[in-house]
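Commentary on secondary and tertiary structure
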Amino acid sequence: MFAEAAPHVLSVLLGAHGAGAAPIPGSPLDAYEKHVTYDSGVHRIARLMALISYVLMVVAVVLGAVLRMRWFQRIVNRPTVYGAHMTIALAALIFGGVHGVTFRYQPVWEIGAHELVVPFTGGLQRVPVGFGILGTELGIAVGCSVWLQRRLGYRRWLRFHQLGYAAFALVWLHIFTVHPEPRHFDRVAVTVAAGAGTCLFVFMTRVLPSESRLRRRVFDNDPGSAR
C-alpha cells in the first residue's frame, strides 16, 4: 500500500503537472471527457463540509492541548474546556462523514459504501481518498476510546488518544493531495496552511515540554515532596 502511495504523493508534493496533463480525476472536466453528469450542487456541499470539518478539527486539537497542558485554567474551568473539546471533535467527525457521503451522489466518482468504509479500495484517486478515510476512522476510534479510559488506565489511554495527531496528519494529506487548490495561494490554501501550522505548533509543544513543566515533573516525582 505504502509502496503504491509513495510515487503519487511525491509527484503531488513536487508539483509534477506537465503541459496537457490529464484533468483532475473526479473534476468537472474529467466528468465532461467521460460523458458523465457532474452535479455542481453536490460539489459545493462536499467542499463546504470539508472546510468546516477541517476548521473544527483544528479547534478540537487546540482545545485538547489546552485541556492537557492546563492553559487558561484560571480563566475557564476545566469541565467547560472538556465539553467544548468533545463537542467540537464530534462535530468535526460528523461534517467529515457528510463530506464523504456526498460523493456517493457524484456520478463521476463511482463510490459505494464499501469504498467509503475501507481505505485505499476506491478506483478514483485511491490513495488521496484513502488518506481521508483512514484519518476519519482513526479519529472516530480516538473519540470512542474515551469510553474505555477506565479499563485501559489513564496513561495507556492517553497514549492512544494522542493518535488524534496522526488522524489530523492523514486528513491533511488527503486535503493536500486530492486537489491542487490547497497548493495554490488563495483563501483555502491559507486556511489549510494556518490550521496545519497551528496543530504542528501544539504537537511540538507537547513533544518538547518547557523548562517549567520539566521542573514540575521532577518535583512531582521527588519522594520528599509528598505530604
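Residues numbered from 1 in each chain as written. Predicted model: local features only at pLDDT ≥ 70, side-chain atom pairs only at ≥ 80, totals over all residues. Heavy atoms only, no water.

**Focus on the overall build of the protein**
Note the following rule: In this text, helices come from DSSP runs of H or I with a minimum length of four residues, and strands from runs of E with a minimum of two, each type numbered from the N-terminal end. The rule is simple: take the accessible area with a 1.4 Å probe, protein chains only, and divide by the maximum for that residue type; under 20% is buried, over 50% is exposed, in between is partly exposed. Two residues form a contact once any of their heavy atoms are found within 4.5 Å.
A count of helices and strands for the protein gives eleven helices and zero strands. Helices and strands appear in the protein in the N-to-C order α-α-α-α-α-α-α-α-α-α-α. In the protein, which comprises 227 residues, the proportion classed as buried is 33%. In the protein, once contacts between residues fewer than 6 apart in sequence are set aside, the share between residues at least 24 apart is 64%.

**Description of the packing of aromatic side chains**
Defined as follows: Aromatic rings from Phe, Tyr and Trp, taking only the six-membered ring of Trp, are treated as a pair when their centres fall within 6.5 Å; an angle between ring planes under 30 degrees marks them as stacked, one over 60 as edge-to-face, and anything in between as tilted. The rule is short: NZ of Lys or CZ of Arg within 6 Å of the ring centre and within 35 degrees of the ring normal puts a charge over the ring.
Throughout the structure, instances matching the rule amount to six aromatic pairs. Seen from their ring centres, Tyr-154 and Trp-157 are 5.8 Å apart, and the 40 degrees between their planes marks the pair as tilted. You can see Tyr-154 and its partner Trp-157 sitting in helix H8 (residues 154–161), three residues apart, about one turn around the helix. For Trp-157, a relative accessible area of 8% corresponds to the buried category. In this structure, Arg-183 is placed above the aromatic ring of Phe-176, and the distance from its NZ or CZ to the ring centre is 5.7 Å.

**Regarding helix H3 (residues 40–69)**
The cut-off we apply is this: Expected helix span is given by 1.5 Å per residue-to-residue step, counting one fewer step than there are residues. Identification of polar contacts relies on pairs of N or O atoms within 3.5 Å, with a donor-acceptor requirement for protein atoms, meaning one able to donate a hydrogen and the other able to accept it, and with residues adjacent in sequence counted only if both atoms are side-chain atoms.
With 30 residues, H3 extends 44 Å between its outermost C-alpha atoms, agreeing within 8% with the 44 Å of an ideal straight helix rising 1.5 Å per residue. Structurally, the start of H3 carries an N-cap: the backbone nitrogen of Gly-41 is 2.9 Å from a side-chain oxygen of Asp-39. Positive backbone phi, approximately 60 degrees, marks Arg-70, located one or two places after H3.

**Focus: the nonpolar core**
Short version of the rule: For our purposes a nonpolar core is just a set of buried Ala, Val, Leu, Ile, Met, Phe, Trp, Tyr and Cys residues, chained together by side-chain atoms within 4.5 Å.
Counting 15 residues, the largest nonpolar core has Tyr-54 and Phe-168 as its most contacted members. When contributions to this core are tallied by element, the ones reaching two or more residues are H3, helix H9 (164–178) and helix H10 (187–207). Val-108, Trp-109, Leu-124 and Val-178 belong to the second-largest nonpolar core, a separate cluster that totals ten residues.

**Observations regarding the packing of H3 against helix H4 (residues 78–102)**
Defined as follows: Axes here mean lines fitted to C-alpha atoms, for a helix over just the part in contact, with angles spanning 0 to 180 degrees between N-to-C directions. An angle below 35 degrees is read as roughly parallel, one above 145 as roughly antiparallel, one from 65 to 115 as roughly perpendicular, and any other as oblique. Working rule for handedness: look at the near helix, and if it is turned counterclockwise from the far one by less than a right angle, call the crossing left-handed; if clockwise, right-handed. Residues are grouped as follows: Ala, Val, Leu, Ile, Met, Phe, Trp, Tyr, Cys and Pro are nonpolar; Asp, Glu, Lys and Arg are charged; all remaining types, including Gly, are polar.
Axis separation between H3 and H4 bottoms out at 7 Å; the angle between their running directions is 155 degrees. Classed by the angle they form, the pair H3 and H4 counts as roughly antiparallel. Here H3 runs over H4; the crossing is left-handed. Tallied by class, the residues present in the contact of H3 with H4 amount to 22 nonpolar, six polar and one charged.

**As for a nonpolar patch on the surface**
Keep this limit in mind: Like-charged residues are merged into a patch within 9 Å and nonpolar side chains (Val, Leu, Ile, Met, Phe, Trp, Tyr) within 5 Å, provided each residue has over 30% relative accessible area and no salt bridge. Accessibility throughout is a Shrake-Rupley quantity obtained with a 1.4 Å probe, and a residue counts as covered only by protein chains that appear here. Take a side-chain nitrogen of Lys or Arg and a carboxyl oxygen of Asp or Glu: if they are within 4 Å of each other, that pair is a salt bridge.
Taken together, the side chains of Leu-200, Phe-203, Met-204, Val-207 and Leu-208 make up a nonpolar region of the molecular surface, amounting to roughly 450 Å² of accessible area. With relative accessibility at 34%, the residue Phe-203 sits in the partly exposed group.

**Observations concerning the pattern of salt bridges**
Applying the stated criterion across every chain yields a total of two salt bridges. Put simply, Asp-30 and Lys-34 hold a salt bridge, and the shortest N to O gap is 3.3 Å.

**Some details on unusual backbone geometry**
Of note in this structure, His-35 is not a glycine but carries a positive phi near 60 degrees. Mapped onto the elements of the fold, His-35 is located in the loop between helix H2 (28–33) and H3. In this structure His-35 comes out as exposed when scored by relative accessible area, which is 74%. Although it is not a glycine, Glu-110 adopts a positive phi angle of roughly 55 degrees. Along the chain, Glu-110 falls in the loop between H4 and helix H5 (113–117).

**Section: H10**
If you check H10, its first and last C-alpha atoms are 30 Å apart, about what 21 residues at 1.5 Å a residue would give, namely 30 Å. Every buried residue of H10 is accounted for by Val-188, Ala-189, Val-192, Gly-195, Ala-196, Cys-199, Val-202, Thr-205 and Arg-206. The opening residue of H10 is Asp-186, an N-cap whose side-chain oxygen sits 3.3 Å from the backbone nitrogen of Val-188.

**Focus on the packing of H3 against H10**
Relative orientation of the contacting elements H3 and H10 amounts to 20 degrees, with a least axis distance of 10 Å. Comparing their axes, H10 and H3 come out roughly parallel. Between H3 and H10 lies a crossing whose hand is left-handed. Counted together, Arg-47, Leu-51, Tyr-54, Val-55, Val-58, Val-61, Val-62, Ala-65, Arg-68 and Met-69 of H3 and Val-188, Thr-191, Val-192, Gly-195, Ala-196, Thr-198, Cys-199, Val-202, Thr-205 and Arg-206 of H10 form the full contact between these two elements. Each residue belonging to the contact of H3 with H10 can be placed in one class, and the counts come to 13 nonpolar, four polar and three charged.

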